[in-house]
Amino acid sequence: ATSTTVNYISSNGSQDNIYMMQDGDANMGFVQSDVMAYAYAGSRLFEQDGAIDTFSTVAALYMEQVQIVTLDPEITSVADLEGKNVSVGAANSGVYFNAMDILAAYGLTEDDINSTYQNFADSTDALVNGTIDAAFVVAGAPTAAVQELATGRDVYLVSLDQEHIDALIETSPYYSAYTIPADVYGTPEDVQTVAVGAVVIANDDVSEDDVYNFLFGIFENIPAISASHGKGAELDMEFATSVTDVPYHPGAVAYFAEKGIEVPGK
């Protein structure tokens, strides 16, 4: 069997990863499932530069939850964000569009809030300083920035109700319902929200063997990965093969076929 070496490089998130892959600076990348769909369709973040379809899905690995974080116990619904100072993620980030989707589900637009564009660390600083009332964070829970905020403070996450979750998923099917248990951050109760997938993608010119080996390395070693990383427990063959917006790489088609699962390939 051939072997595959993976080298890691840092980036500024999903959109950046897709551009780095397009430029040949990266062969594979982690992306939010919604941002991947925007790239493939040439919408939203990719409207100006046009669609990018030179990549394929390798696997969905875990969920990244939309977390609406506040220190104000009076903010209990998305509707309560009206007129408030709210961080909606870095400008033009995937988080920004998640925030817009959630607001829209409740009949609100960006004009209804006083928005700031801050990354997670700056958002939590601003919550502590009182310069913002709430912040959108989209990442796997527990998220370090939110955990840090919860040290010595009562942190609240705003729940979405089922009716609005259903409406959101109907218009934007890359969301799925998700419950963040109370013990994750010590919130008063479990939090109902939505999540997007964290998906590994590969450029179409990456060899079938390399993608196959990458998947073999992950899914044949789940116990070892789980021992060192909390997300390991979320690795699941059914979830890995659930992506519908972007077809799978031939190496992924081959690997999952061996497991008895047929995924759409290019």
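The structure we're discussing is the one just above.
Residues numbered from 1 in each chain as written. Predicted model: local features only at pLDDT ≥ 70, side-chain atom pairs only at ≥ 80, totals over all residues. Heavy atoms only, no water.

K.L.:
Explain the pattern of salt bridges here, please?
P.N.:
Pairs may arise between side chains of opposite charge once their charged atoms sit close together. Considering all chains together, one arrives at 4 salt bridges under this definition. Close ionic contact of Lys259 with Glu220 constitutes a salt bridge, the shortest N to O distance being 3.0 Å. In this pair, Lys259 is assigned in the segment after α10 (250-258) and Glu220 in the loop between α7 (208-219) and α8 (222-228), connecting sequence segments 39 residues apart. Salt-bridge contacts for Lys231 lead to Glu234; the nearest nitrogen and oxygen are separated by 2.8 Å. (Salt bridge = Lys/Arg side-chain N within 4 Å of Asp/Glu carboxyl O. Helix = DSSP H or I, 4+ residues; strand = E, 2+ residues; numbered from the N terminus.)

K.L.:
Sorry, what's going on with the packing of α7 against α10 here?
P.N.:
How two helices pack is summed up by the angle between their axes together with the distance between the axes. Following both chains from N to C, one finds α7 and α10 inclined at 45°, their axes separated by 7 Å at the closest point. Accordingly, the angle class assigned to the pair α7 and α10 is oblique. Judged by the sense of rotation from one axis to the other, the crossing of α7 with α10 is right-handed. For the pair α7 and α10, the contacting residues are Glu208, Val211, Tyr212, Leu215, Phe216 and Phe219 in the first and Pro250, Gly251, Ala252, Ala254, Tyr255, Phe256 and Glu258 in the second. Class assignment of the residues belonging to the contact of α7 with α10 gives a composition of 10 nonpolar, 1 polar and 2 charged. (Axes fitted to C-alpha atoms, helices over the stretch in contact; angles between N-to-C directions. Parallel < 35°, antiparallel > 145°, perpendicular 65-115°, else oblique. Left-handed = near helix turned anticlockwise from the far one by under 90°. Contact = heavy atoms within 4.5 Å. Nonpolar A, V, L, I, M, F, W, Y, C, P; charged D, E, K, R; others polar.)

K.L.:
What am I meant to see in the side chain of Gln32 here?
P.N.:
Inspection of the secondary structure puts Gln32 in strand β1 (residues 28-32). For Gln32, a relative accessible area of 7% gives the class buried. Not counting chain neighbours up to four residues away, the residues in contact with Gln32 comprise Ser14, Glu64, Gly94, Asn98, Val138, Val196 and Gly197. (Buried < 20%, exposed > 50% of the residue type's maximum accessible area, 1.4 Å probe, protein only.)

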